[in-house]
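Understanding the architecture of this molecule
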Amino acid sequence: MSEDSSALVVGNNQESRAALLRLLEGAGYNTITADCGTQALDIVKRFGVTLVLCDWKVQDMSGADFCASVRNDLEELYVYFIFYDGNTEMNPVKAMDIGADDFVAMPLEQQVFDAKIKSAARIISLQKKLTDRNDFLEFAYANVTTDLKIAAKVQEDLLPTQFRLAGLDTNWMFKPASFVAGDMFDYFPVGNDHFVFYILDVEGHGIASALTSFAINNQLNPSSHGLCAKSINESSSTAEAVISTLDSLNRQFESNLNSSRYFTMIYGIIEIPTGEVTLCQAGHPSPVHLQRKAEKAVSLGDGGMPVGLIKEAEYSTVSCSMNVGDRLFIYSDGMLECENKSGEFYGTERLVNRIQEWHDLPIDELGDLFDGEITQWNGSSNFHDDVSMVILEYTGKR
Amino acid sequence: MSFETEIKDEIAVLRVTASRLDASIAPELKKVVSTIINDGTSRILLDLQSVKFMDSSGLGAVISSFKLTGQKGDFVICNINETVHEIFSLTHMDRLFDIYPSVDEGFQKMCA
């Protein structure tokens, strides 16, 4: 039975039923009949009949109850429901109110009935298109979601997994606003004496930003052929190595007018034997240096041009010395600009205070602590922008 | 509409009426600026008085707009609040643009 051209007539008045069947069959419908509401409901459910003509009073349950059951029990299927009545007992307003689409009075006037059936066919056809479209969208959405989950896993796998490296203990926090983030970070030793770290934030968030962050991450890979190792090996000083890396990235990603995607970053190198840090602040929020002895946290740098925005951008470095136990915090603007329910930003001051307050807690706990802190501030784990943070603690142990 | 444009003495005064210049309206800003330039006005005074918050996409759109006009003196910004100023300052973009405290002042400098 094709659901598109089938009609169900419900009622036990033989005369009315015969008249309806004749006109429906004349209009090209396959017809099926039921005496009572229970049987009718079963037929609608089983065969997905989308056009129902029901006597105002059917045997076991009233027409009104049957109509309500069709509406309540069949959310997925839209049934076009017409009441008919030969005894002028039917109240058309009540019929529409309980969920009927139309009503006809018996005896039938053929012209009126044909017009009503045509109207029903139009609505049923539109409904079918809508259902098909929804099914397609649901399918497509499920596919996209699966893809995004895989992409999120790929991104997660790119994040550092080692937490104790030559001279440094590390930890991090990563909260993408959607499945994948425009934020990325990494750190790794280069040779025996250098430790490279960076955090970057591609303008915007979501897929487009994430693709750019993947591309940058690929440039900054830890291999000896990567940009980081090359710049260290080819430079006469750490500052020169940092600046040459930024210059190189800016040349590669400098935007044209059609694509204004740029990124901000902190890129730095720690000289492992001495704890000397040299970093470039390319439009990214200021790193915070926790000086363990003084129990004081200090913001470093006063900004700098982002990468990929201006061809002529010139980069400079900021330095600090890490003593054993000192920590360096780098984080994305999503942390500072995270708003609480009253629209208040988390902000630098709160962050610096918290870093100071937690100076005695082990670094291993800080990732989770800041995660909890910012999630609580945000009021949920759905963030408006990517939030990330990297924490480095100088141990001096080779 | 998140933007209003008024042409005065061949200068387009482009006012952002939204309170957030972020990813949701950044592409529109670029379009509005393109339209102004295509309509024959290449000098723009961007009024950010209503903007309380600007994110990286907003900044990107402002820079793109600046690039479209081509020259420093032809794209001037005025009326920025402290939060927006912090973004310009953090990214050193305050060195790239002429920023004035009011529309009148910006306008006078452009006419001078």
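Cut-off values and rules
- Residues numbered from 1 in each chain as written.
- Chains lettered and ligands numbered in written order.
- Predicted model: local features only at pLDDT ≥ 70, side-chain atom pairs only at ≥ 80, totals over all residues.
- Axes fitted to C-alpha atoms, helices over the stretch in contact; angles between N-to-C directions.
- Helix = DSSP H or I, 4+ residues; strand = E, 2+ residues; numbered from the N terminus.
- Parallel < 35°, antiparallel > 145°, perpendicular 65-115°, else oblique.
- Left-handed = near helix turned anticlockwise from the far one by under 90°.
- Contact = placed C-beta atoms within 7 Å.
- Nonpolar A, V, L, I, M, F, W, Y, C, P; charged D, E, K, R; others polar.
- Domains from an automatic or database assignment.
- Pairing = 2+ DSSP bridges.
- Expected span 1.5 Å × (residues − 1).
- Buried ≥ 20, exposed ≤ 12 C-beta atoms within 10 Å, placed from the backbone.
- Arc of directions from axis to C-beta.
- pLDDT = per-residue confidence, 0-100.

Turning our eyes to something else, we now look at the packing of helix α1 (residues 26-38) of chain B against helix α2 (residues 56-69) of chain B. Residues and elements named next belong to chain B. Viewed as axis vectors pointing N to C, α1 and α2 meet at an angle of 15 degrees, and their least axial separation amounts to 8 Å. As summarised for this structure, α1 and α2 are arranged roughly parallel, according to the angle between their axes. Both α1 and α2 take part in a crossing whose hand is right-handed. Residues Ala26, Leu29, Lys30, Val33, Ser34 and Ile37 of α1 form the contact with α2, whose participating residues are Ser57, Gly58, Gly60, Ala61, Ser64, Ser65, Leu68 and Thr69. For the contact of α1 with α2, a count of residues per class yields 6 nonpolar, 7 polar and 1 charged.

The partner chain A presents 14 residues to the 13 residues of chain B that form the contact. Of the residues belonging to the side of chain B that touches chain A, the class tally is 5 nonpolar, 7 polar and 1 charged.

A few words on the domain arrangement of chain A. Much of the literature gives interface size as the accessible area that the parts lose upon coming together. Its domain assignment divides chain A into domain 1 (3-133) and domain 2 (159-394). Relative placement of domain 1 of chain A and domain 2 of chain A: their C-alpha centres are 66 Å apart.

Residue and element names in this part refer to chain A. Read from one edge to the other, the open sheet built from 5 strands follows the order β2-β1-β3-β4-β5, with strand pairing classed as parallel. Looking along the sheet, the strands with just one partner apiece sit at the ends: β2 (30-34) and β5 (102-105). Here the strands of the sheet are splayed against their neighbours by 20 degrees on average, with no regard to which way each runs. Here strand β4 (residues 80-85) runs beside β5; their pairing, made up of 4 bridges, is parallel. Pairing of Asp85 across the sheet is with Ala105, part of β5. Lying over the sheet, helix α3 (residues 63-73) contacts β1 (6-10), β3 (51-55) and β4, oriented at roughly 160 degrees with respect to β3.

Take the sheet that holds strand β11 (residues 276-282) of chain A next. Residues and elements named next belong to chain A. Spatial strand order, β8-β9-β10-β11-β14: 5 strands in an open sheet with antiparallel pairing. Only two strands of the sheet have a single neighbouring strand rather than two, namely β8 (183-190) and β14 (318-321). Strand after strand, the sheet turns through a mean of 15 degrees between neighbouring axes, direction not considered. Both β11 and β14 contribute to a ladder of 4 bridges, which runs antiparallel. By the bridge assignment, Val277 is partnered in β14 with Cys320.

This part is about helix α11 (residues 363-378) of chain A. All names here are of chain A. A rise of 1.5 Å per residue sets the reference length of α11, with its 16 residues, at 22 Å; its end C-alpha atoms lie 23 Å apart and thus fit the reference within 8%. Burial in α11 covers these residues: Leu366, Phe370 and Ile374. Along α11, the residues classed as buried sweep out an arc of 50 degrees about the axis, all on the same side. Across α11 from its buried face, at more than 90 degrees, point the exposed residues Glu365, Asp368, Gly372 and Gln376.

Another aspect to go through is the confidence of the model for chain B. Reading fine detail from the predicted coordinates is not recommended where pLDDT is low. Counting all residues, the mean pLDDT for chain B is 91, and 97% of those residues have values of 70 or more. Model confidence for the complex is summarised by a pTM of 0.81, with the ipTM given as 0.88.

For the bond from Met106 of chain A to Pro107 of chain A, the omega torsion is -5 degrees, close enough to zero to count as cis. Locating Pro107 of chain A in the fold gives a position in the loop between β5 and α5 (110-158). Positive phi is not limited to glycine here, since Asn79 of chain B has a value of about 65 degrees. Tracing the sequence through the fold places Asn79 of chain B in the loop between β6 (75-78) and α3 (82-90). On the basis of neighbour count, Asn79 of chain B is assigned to the buried category, with 21 C-beta atoms found within 10 Å. Positive phi, close to 60 degrees, is recorded for His92 of chain B, a residue that is not glycine. Checked against the element boundaries, His92 of chain B lands in the loop between α3 and β7 (98-100).

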